[in-house]
Amino acid sequence: MMGHSHALSGAAVWLAVTPALMALPGILAHPELATVTGTVLTPPELVAGAVICAGAAMLPDLDHPSATIAQTFGPATWLLSKGVNFVSGGHRHATHSLLFAVFAGVGTHLLVQRYPIGRDIMVVLMIGLALRAVGIGVPGHTITSALVNMALTAGLFVTFHMMGVTYSWLGFAIGVGCLVHVIGDCLTERGCPVLWPIKGRWLLPFDIGIKTGKTFEKQILGPVLSVAVLVLLCLRLMPA
Ligand SMILES: [Zn+2]
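Residues numbered from 1 in each chain as written. Predicted model: local features only at pLDDT ≥ 70, side-chain atom pairs only at ≥ 80, totals over all residues. Heavy atoms only, no water.

A. Structural view of the side chain of Arg92. Inspection of the secondary structure puts Arg92 in the loop between helix 4 (75-88) and helix 5 (98-114). With relative accessibility at 5%, the residue Arg92 sits in the buried group. Only 3.0 Å separates the side chain of Arg92 from the backbone oxygen of Gly191, close enough to count as a polar contact. Leaving out residues up to four positions away in the same chain, Arg92 has contacts with Met1, Asp63, Asp185, Thr188, Arg190, Gly191, Pro193, Arg201 and Thr212. (Helix = DSSP H or I, 4+ residues; strand = E, 2+ residues; numbered from the N terminus. Buried < 20%, exposed > 50% of the residue type's maximum accessible area, 1.4 Å probe, protein only. Polar contact = N/O pair within 3.5 Å; in protein donor to acceptor, adjacent residues only side chain to side chain. Contact = heavy atoms within 4.5 Å.)

B. Expanded view of the coordination of the zinc ion. The protein atoms donating to the zinc ion are Asp61 (OD), His96 (NE2), His181 (NE2) and Asp185 (OD), with metal-donor distances spanning 2.0 to 2.2 Å. Relative to the metal, the four donor atoms surrounding the zinc ion lie at angles of 87 to 175°, and the coordination shape comes out irregular. Mapped onto the sequence, the donors of the zinc ion take the spacing D-x34-H-x84-H-x3-D. Remark: Asp185 occurs in helix 8 (residues 170-186) and His96 occurs in the loop between helix 4 and helix 5; sequence separation between them is 89 residues. Looking at His96, the relative accessible area reads 0%, which means it is buried. Among the residues examined, Asp185 registers a relative accessible area of 1% and is labelled buried. (Donors = N, O, S within 2.8 Å, 3.2 Å for Na, K, Ca; no water. Tetrahedral: all angles 85-135°; square planar, octahedral: opposite > 155°, others 65-115°.)

C. Seen up close, a nonpolar patch on the surface. Residues Leu98, Leu179, Ile183, Leu187, Leu195, Ile198, Trp202, Leu204, Phe206 and Ile208 make up a contiguous nonpolar surface patch of about 980 Å² in total accessible area. Its location among the elements puts Leu98 in helix 5. Taking the relative accessible area as the measure of exposure, Leu98 reaches 38% and is therefore partly exposed. (Patch = residues over 30% accessible without salt bridge, like charges linked within 9 Å, V, L, I, M, F, W, Y side chains within 5 Å. Areas by Shrake-Rupley, 256 points an atom, 1.4 Å probe, with all protein chains shown as cover. Salt bridge = Lys/Arg side-chain N within 4 Å of Asp/Glu carboxyl O.)

D. Here's a closer look at the nonpolar core. The biggest cluster of nonpolar side chains holds 50 residues, and the ones touching the most others in it are Trp14, Ile52, Leu59, Met126, Trp169 and Ile174. The set of elements that each furnish at least two residues to this core consists of helix 1 (3-27), helix 3 (43-56), helix 5, helix 6 (116-133), helix 8 and helix 9 (215-237). Here this core takes nine residues from helix 6, the largest share from any one element. Each residue touching Ile174, except ones within four places of it in the same chain, is listed here: Ile52, Ala56, Leu59, Ala104, Gly105, Thr108, Met122 and Met126. (Core = buried A, V, L, I, M, F, W, Y, C linked by side-chain atoms within 4.5 Å.)

E. Structural context of the environment of Ala12. Summarising the element assignment, Ala12 is placed in helix 1. Residue classification places Ala12 among the buried residues on the basis of a relative accessible area of 9%. Spatially, the C-alpha atoms of Ala12 and Ala228 are 6.5 Å apart, while their sequence positions differ by 216 residues. Non-local contacts of Ala12, meaning those with residues more than four positions away in its chain, are made with Val229 and Leu232.

F. Examining helix 8 more closely. Taking 1.5 Å as the rise per residue, helix 8 with 17 residues should run 24 Å; its terminal C-alpha atoms sit 25 Å apart, in good agreement. Counting buried positions along helix 8 gives 15 out of 17 residues, so the element sits mostly inside the fold. (Expected span 1.5 Å × (residues − 1).)

Take it as geometry only, folks, not as evidence of what the structure does.
This is the structure we're talking about:
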């Protein structure tokens, strides 16, 4: 699946299901669950969450150093991608599993509580990945693209900060984003090793999986996801 399909589906799922999930601790009368889901979202947090979830929906593809996404912040993300590729066993291996989604979500949740600097690094990385995935950059100019991305990422990071975004839900958003990526790749013809380290790829039967970058994804799925994100944004941000 292409980068922008993953990022848009991450944002769409966040906007669609998160308000209901955030209300769960109250509905179930288990307020302690709120330590995992974060506090009730303000409109800026809802938007920041959609951006973070879009970025997290790109995180599993950092196992692919030659993909555009690895160029997000130039050599910094390329080296990170090389490391992820080495540790995870190559493209579409460990990072494309349920275990990775849980590990990334829980790991980030613990990081947020202990190290504010770790939280900020994760936030900056997720914003950068989201921007790059939706096409921010100058084709053929790697360093210029990285600089443009850094400037826009810094701008968004500061804006979210000034609007009082707390990121108490950061680990949750990252877990959801990674999960959305795994599900998205399961809908493609190559599938995913969902239960890694158990071998075996999960994919749709009868060869009906989406062919990455072909007509259906570019001309139908991409526009449908873009409209879905815009409609959900309007619905969530409109005063009740
Ligand atoms: Zn992937």
